[in-house]
Structures are given as structure tokens and as C-alpha cells.
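Fold and contact review
Listed below, chain by chain, are the residues.
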Amino acid sequence: MPVPVVWAGTGFTVRPSTGEEYCLDGVIMYSCQSVIQRDPAVYGDTADEWMPERWLGEAAQSIPPRAWRPFERGPQNCIGLELANLELRIIIATVTRKYQGGLRRKRS
């Protein structure tokens, strides 16, 4: 993902929830995924723990859509997204085909 640059003299400001206002003229901004995806405000005390169950059922509904961004979004998204999706489809098809025979009932 290209790093966005705020050109000097644009007057670009941000106002966080604390109420202060910051001028970001001439600042290089970087979206740090490892910080975003471990935000204690979203994931609580278990933000740094491996917990796959947080993505299942009702627990997953409490996670905001932009809190988990493995491939980024929009026109500058990760070029590996389609490859990862294709690999996942191949794995699911292969496993399903391999074990589908074990699910059939034997005829007497």
C-alpha cells in the first residue's frame, strides 16, 4: 500500500475523540496493521492472544468491519487477496472430494 503524504500548506487537520485538533501538514501517514488488528478497545484484554473463536457466532458481530484488515480495502488492496481466495477454494474442493466418499452410505 502506498504511503499517503499530506502536502505542506494544505491545512489538513484531524480531531481525535479527545477533542484536540492536530495539523498534519507535511506529515507522512502510515497505517500500521499490527496495531490496528490488536486494538484493546476492540478486542479487549485478549487482543494479543490467539483466539480463533472470536470470529465465530455472536462474538464476531461485536467486531467492527474495519478492525480486521488482512488484505486492506479499495483500489490499493493487497494483490495477494485473489490468490489467497483461489487457494482457499482449491483446498476446500480437494478436501471435500477426498472425504466425500466416506460420507456415502454403503449399499447392502
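Scroll up to find the structure.
Residues numbered from 1 in each chain as written. Predicted model: local features only at pLDDT ≥ 70, side-chain atom pairs only at ≥ 80, totals over all residues. Heavy atoms only, no water.

**Concerning the overall build of the protein chain**
Put simply, the test is: Only DSSP runs of H or I covering at least 4 residues are called helices, and only runs of E covering at least 2 are called strands; the numbering of each starts at the N terminus. A 1.4 Å probe rolled over the protein chains alone gives each residue an accessible area, and that area as a share of the maximum for its type sets the label: buried under 20%, exposed over 50%, partly exposed in between. Should any heavy atoms of two residues lie within 4.5 Å, those residues are considered in contact. Every accessible area reported is derived by Shrake-Rupley at a probe size of 1.4 Å, with residue values counting cover from the shown protein chains alone.
Counting its secondary structure elements, the protein chain contains four helices and two strands. Across the 108 residues of the protein chain, 10% fall into the buried class. When contacts within the protein chain are restricted to residue pairs at least 6 apart in sequence, those whose partners lie at least 24 apart make up 29%. When the accessible surface of the protein chain is split by element, carbon and sulfur atoms take 59% of a total near 9,500 Å².

**Re the environment of Pro64**
Following the sequence through the fold, Pro64 ends up in the loop between helix H3 (57-61) and helix H4 (80-100). Overall, Pro64 belongs to the partly exposed group, its relative accessible area being 38%.

**Digging into the pattern of salt bridges**
The cut-off we apply is this: Every case where a carboxyl oxygen of Asp or Glu lies within 4 Å of a side-chain nitrogen of Lys or Arg is listed as a salt bridge.
Applying the stated criterion across every chain, the model contains two salt bridges. The salt bridge partner of Arg15 is Glu21, with a shortest N-O separation of 2.2 Å. On the basis of relative accessibility, which here comes to 45%, the residue Glu21 falls in the partly exposed class. Across the pair Asp48 and Arg38 runs a salt bridge whose closest N-O atoms are separated by 3.6 Å. Of the two residues, Asp48 is situated in the loop between helix H2 (40-43) and H3 and Arg38 in the loop between helix H1 (33-36) and H2; the sequence distance between them amounts to 10 residues. According to the relative accessible area criterion, Asp48 is exposed, its value standing at 65%. Accessibility expressed as a relative area gives 42% for Arg38, which makes it partly exposed.

**Digging into a nonpolar patch on the surface**
Under the convention used in this document: Patch definition: residues with relative accessible area over 30% and no salt bridge; like charges joined within 9 Å; nonpolar side chains (Val, Leu, Ile, Met, Phe, Trp, Tyr) joined within 5 Å.
On the surface, Phe12, Val14 and Tyr22 cluster together to form a nonpolar patch covering roughly 250 Å² of accessible area. Locating Phe12 in the fold gives a position in the segment before strand S1 (13-14). Note on Phe12: relative accessible area 38%, which makes it partly exposed.

**Some remarks on the packing of aromatic side chains**
When we look at a pair of aromatic rings, we describe it by the centre distance and by the angle of the planes. This is how it is decided: Pairing of aromatic rings covers Phe, Tyr and Trp, the last through its six-membered ring, and needs centres within 6.5 Å; plane angles under 30 degrees mean stacked, over 60 mean edge-to-face, and all others mean tilted.
For the coordinates displayed, the defined rule picks out one aromatic pair. Each ring, one from Tyr43 and one from Trp55, has its centre 6.2 Å from the other, and the planes form 65°; the classification is edge-to-face. Remark: Trp55 occurs in the loop between H2 and H3 and Tyr43 occurs in helix H2; sequence separation between them is 12 residues.

**Quick word on the side chain of Arg54**
Rules: Two N or O atoms form a polar contact when they lie within 3.5 Å of each other; inside protein one atom must be a possible hydrogen donor and the other a possible acceptor, and for residues adjacent in sequence the pair counts only when both atoms belong to side chains.
Among the secondary structure elements, Arg54 is positioned in the loop between H2 and H3. Here the side chain of Arg54 touches Glu49 through a polar contact of 3.0 Å, landing on its backbone oxygen. Setting aside chain neighbours within four positions, we find Arg54 in contact with Tyr43, Thr46, Ala47, Glu49, Ala59, Ala60 and Ile63.

What is shown is where atoms sit, not what they do.
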